[in-house]
Amino acid sequence: MPGTPNPGAYNVAGSFHGKLKELTGKEIMIETDDSQIVTIHRSRKTKFLKGTQSIKASDIDIETPVTVDASEEVDLSLTAVSVTVDPPKKTADSK
């Protein structure tokens with residue numbers, strides 16, 4: 001319909017950033033910068049990325065900083081659309 005906004009390919013509920021604490025076949029658990037534990041469901045469609053390249057879930061080590069883009073399901077649970085390994089932070093020492 002004209003005038004209807006395009007919701008996009010995914011109903012993205014938000015992005016969650018933190019250190020990977022647990023990664024199973026069904027769930028991804030991260031600890032956010034403010035020490036909150038967030039558990040997000042994982043599906044077969046969940047993509048794992050390092051930069052723009054696809055990687056295996058097993059390539060991500062525990063404690064690695066990641067960003068998880070999640071969609072909201074009908075039951076209000078969160079399902080990971082993609083998990084991206086965050087690039088290393090540049091330090092002030094590297095001039």
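All of these numbers come straight from a predicted model, not from anything done at the bench. (Residues numbered from 1 in each chain as written. Predicted model: local features only at pLDDT ≥ 70, side-chain atom pairs only at ≥ 80, totals over all residues. Heavy atoms only, no water.)

(A) Representation of the overall build of the protein within the structure. A tally of helices and strands in the protein yields 0 helices and 7 strands. The order of helices and strands in the protein, counted from the N terminus, is β-β-β-β-β-β-β. (Helix = DSSP H or I, 4+ residues; strand = E, 2+ residues; numbered from the N terminus.)

(B) Structural context of the pairing of strand β6 (residues 65–72). Here β6 runs beside strand β7 (residues 78–85); their pairing, made up of 7 bridges, is antiparallel. Paired with T67 across the two strands is T84, which belongs to β7. (Pairing = 2+ DSSP bridges.)

(C) Here's a closer look at empty space enclosed by the protein. On inspection of all chains with the given rule, the structure shows 1 cavity of 30 Å³ or more. By volume, the largest cavity amounts to about 40 Å³. Contributing to the lining of the largest cavity are E22, L23, T24, E27, I28, M29 and T39. Mapped by element, the contributors of at least two residues to the lining of the largest cavity are β1 (12–23) and β2 (27–32). If you tally residues by element for the lining of the largest cavity, the top one is β2, at 3 residues. (1 Å grid on protein atoms, 1.4 Å probe; cavity = no way out; pocket = protein on both sides within 12 Å on 5 of 7 lines; lining within 4 Å. Points joined across faces, edges and corners; volume = space filled by probe spheres on them.)

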